[in-house]
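Each chain, letter by letter, is given below.
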Amino acid sequence: MPDTFLTESRLQELRQQLNYHNYRYYVLDDPNIPDAEYDRLYAQLQQLEQQHPHLISPDSPTQRVGEAPLSAFDQVAHEVPMLSLDNAFDDEELEDFNRRLQDRLKSTDDIEFACEPKLDGIAISLLYREGLLVRGATRGDGTTGEDISLNVRTIPSIPLRLLGEGFPPLLEVRGEIYMPKKGFDELNDKARSAGEKTFVNPRNAAAGSLRQLDPKITASRPLEMCAYSVGWSEGGDLPERHTDVLEALHGWGFLINPEMKAVANIQGCIDYYRALAQKREQLAYDIDGIVFKVNHRGLQERLGFVSRAPRWAIAYKFPAQEEMTLLKDVEFQVGRTGAITPVARLEPVFVGGVTVSNATLHNRDEIDRLGVKVKDTVIVRRAGDVIPQVVSVVKAKRPTDATEIVFPDHCPVCESPVETLPGEVVARCSGGLICGAQRKEAIKHFVSRKALDIDGLGDKLVEQLVDEGLIDSVADLYKLEAETVAGLERMGAKSADNLIAALEASKQTSLDRFLYALGIREVGEATARGLSRHFGSLPALMDASEEQLQKVDDVGPVVAHFVAEFFQQPHNLEAVQALQDAGVYWPDVEVEAREEPLEGKTYVVTGSFSTIKRNDAKKMLQDLGAKVAGSVSAKTHCVVVGGGATNNSKYVKAQELGIDTMTEEQLVEMLGEYGVLEV
Ligand code: 5U1
């Protein structure tokens, strides 16, 4: 066989393998070879292409990033216009949409709908000829867009060549390019540390990344593409149901939204909308609503279009999460741990489904980063249950009399100096419990629902009790008498009696609630639960060293330090004693006997794992008492190498130092023997 033929078929084989593994990694999120193996195949392809440059093909994974930047984008006329969507803003409008469809179809039968999250990104058209990506274009005005082929090629979840079989020879796929939240945060963190401008939100970041004339910049941005329809196709058959078309696209190499689902009727759409609204904040990407489409393409065709939108689809929008308003003033609040938080007082604005009049400005650095002044017009964001925040300033609207925000150097409540510890961004009042604000917040936390849960003792009443000098500390609560409380404004004999009864009832509590109630920095409910289960009693916890504390789930060095430090402070010990003297008590928790057969041993875990997740493996080793380190040294007892890569640098180092190694299979077997993993 001639040499060129062999080279060509090897090149094709490498391209196919790499494109397939790329799909498994970026689209299915289920790689089945180690990264090192992918890198080796890629290097082989690169080397072979360097030797035979005339054999380089456009679907080669080495050709994702073009060499030369463009001077401008060409215009592209869309063969079939890229339509927009009609919107619905409440259930009634959605039901009207269903009624209109039934009227047009002259039937009262239920209509099946496809439901998909509406990604907050940039609409894109991708054209494939004989399975090869030949063009990527923006939506533009719907009729004419811009050719951004070089940029879309850099996005790993976009196939350069379609996988599998059965795709039409001419296929235009439409979808959304977006930046996942995690990638967006990392991109902005990087920009911040480099002193560069940050992006306002993931959508702007995605748009800015695609608008680059230099594809290398686009390639460096964490973009993804999710397919949501076929614009047009020639030759070949597409499935009759839209959801099956999406499944076909998935098989040909595209990412489709995993939340996509068919429902039997409009009530199914409403239920889907509610369920996704609940889940919205947990999704890895921003969405601004749900798109409902008549699922049968035959019905879609019968329904047709009006002006610029199809009759068979609608976007049910979530309430906007960002709105513009006026920043009227800034006040500084003192929290339970003394943290000083600048709070923006706003012209009330309806955002994220509620009226917002205050928003956090976080800290001094954030004020500097935003460059915000009093009387500025600002953009406020309220997402889910998160505290509303000022995300940017509309500088073009700044009036001439806007004033600088001056961060206080003394506590606005107790006038103690404000200090910022090295390495921290948060400024804190140094007054401790001398500071009325910190005292009030500590008491509010102590009585709150997840802590001692004292019924009838809301924030306002705590403030009243402190302001009237009736309580100074949490233990003072238990000295309150009904007559005194009844004399307070807005209180009567009945509510005072109820409060005293609730205080009495709260005395019997649990160790985890008590620990949470103490308000130790960084100790939330889950950590308090972990500490209580691990140590079983307060004295055992108080005696624990930072190292012992770190053995508790989710307790790292920072939390361990805060816990140990808390119990070293005499005033905290006095407060705990005073509460116990007042009658607060809890049963000890039975501590499960813990065997730590690997205590004193240090493991390093490296390589890619297939049967268990690497992080789970680390956690299980820690549960068995082992320390898991990030690098190999003479102190390491064993290196676990997943994926069997013998050129793994940690494996090589272990060999050099004569340290034991084990494979993933051996680790799984060992974990099984110790009973921490079912095999
Ligand atoms: N998920 C999704 N987003 N989105 C946007 N589907 C969807 N469909 C669209 C648009 C503009 O248009 C259809 C009419 C194809």
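Residues numbered from 1 in each chain as written. Predicted model: local features only at pLDDT ≥ 70, side-chain atom pairs only at ≥ 80, totals over all residues. Heavy atoms only, no water.

Draft legend 1. Focus on the site of the ligand. Taken together, Leu83, Leu85, Glu116, Pro117, Tyr228, Ser229, Val291, Lys293, Pro310 and Trp312 form the complete shell of residues around the ligand. Within the side chain of Lys293, a nitrogen or oxygen atom sits 2.9 Å from a nitrogen atom of the ligand. Expressed as a share of its isolated accessible area of 380 Å², the protein-covered part of the ligand is 87%. Of all the secondary structure elements, the ones that give two or more residues to the shell around the ligand are strand 3 (113–119), strand 8 (224–234) and strand 10 (287–294). Split by residue class, the shell around the ligand holds seven nonpolar, one polar and two charged. (Near = heavy atom within 4 Å. Polar contact = N/O pair within 3.5 Å; in protein donor to acceptor, adjacent residues only side chain to side chain. Areas by Shrake-Rupley, 256 points an atom, 1.4 Å probe, with all protein chains shown as cover. Helix = DSSP H or I, 4+ residues; strand = E, 2+ residues; numbered from the N terminus. Nonpolar A, V, L, I, M, F, W, Y, C, P; charged D, E, K, R; others polar.)

Draft legend 2. Focus on the nonpolar core. By size, the foremost hydrophobic cluster in this structure holds 52 residues, and its most contacted members are Phe446, Leu477, Leu531 and Leu549. Elements that contribute at least two residues to this core include exactly helix 12 (436–447), helix 13 (459–467), helix 15 (493–506), helix 16 (511–517), helix 17 (525–535), helix 18 (538–543), helix 20 (557–566) and helix 21 (570–581). Top contributing element to this core by residue count: helix 20, with six residues. Once you skip the residues sitting within four places of it in the chain, Leu549 turns out to touch Leu531, Phe535, Leu541, Ala544, Val555, Ala560, Val563 and Ala564. If you look at the next biggest cluster of nonpolar residues, it comprises 35 residues, including Tyr128, Leu133, Leu246 and Trp252. (Core = buried A, V, L, I, M, F, W, Y, C linked by side-chain atoms within 4.5 Å. Buried < 20%, exposed > 50% of the residue type's maximum accessible area, 1.4 Å probe, protein only. Contact = heavy atoms within 4.5 Å.)

Draft legend 3. Main features of the sheet that holds strand 9 (residues 261–263). Taken in spatial order, the five strands line up as 2-13-10-3-9 in an open sheet, and their pairing is mixed. The open sheet has two edge strands with one neighbour each: strand 2 (86–88) and strand 9. The sheet shows a mean angle of 35° between the axes of neighbouring strands, direction not considered. Two strands pair when backbone bridges link them, and strand 3 and strand 10 are joined in this way by seven bridges, in the antiparallel orientation. Bridge pairing links Leu119 to Ile287 in strand 10. Here helix 3 (residues 91–105) sits on the sheet and contacts strand 2, strand 3, strand 10 and strand 13 (313–317); the angle it forms with strand 13, its principal contact strand, is near 175°. (Pairing = 2+ DSSP bridges. Axes fitted to C-alpha atoms, helices over the stretch in contact; angles between N-to-C directions.)

Draft legend 4. Geometry of the sheet that holds strand 21 (residues 602–607). Strands sit in the order 22-21-23-24 across an open sheet of four strands; the sheet is parallel. Two strands bound the open sheet, and with one partner strand each, they are strand 22 (627–629) and strand 24 (660–663). Taken over all neighbouring pairs, the strand axes of this sheet differ in orientation by 30° on average, direction set aside. Pairing geometry for strand 23 (residues 638–642) and strand 24, over four bridges, is parallel. Its bridge partner being in strand 24, Val639 is matched across the sheet by Thr661. Each of strand 21 and strand 22 touches helix 22 (residues 614–623); the most contacted strand, strand 21, lies at about 170° to it. Across the sheet, helix 24 (residues 664–673) touches strand 21, strand 23 and strand 24, and the angle it forms with strand 24 is around 90°.

Draft legend 5. Region of the structure containing the packing of helix 3 against helix 9 (residues 266–279). Contact pair helix 3 / helix 9: the axes reach a minimum separation of 10 Å and the direction vectors enclose 150°. One way to sum up the angle between helix 3 and helix 9 is to call them roughly antiparallel. Relative to helix 9, the crossing made by helix 3 is right-handed. Between helix 3 and helix 9, the contacting residues are Asp91, Leu94, Glu95, Phe97 and Asn98 on the first element and Ile266, Cys269, Ile270 and Arg274 on the second. Across the contact of helix 3 with helix 9, the residue classes tally to five nonpolar, one polar and three charged. (Parallel < 35°, antiparallel > 145°, perpendicular 65-115°, else oblique. Left-handed = near helix turned anticlockwise from the far one by under 90°.)

Function cannot be read off these values alone, since they describe shape.
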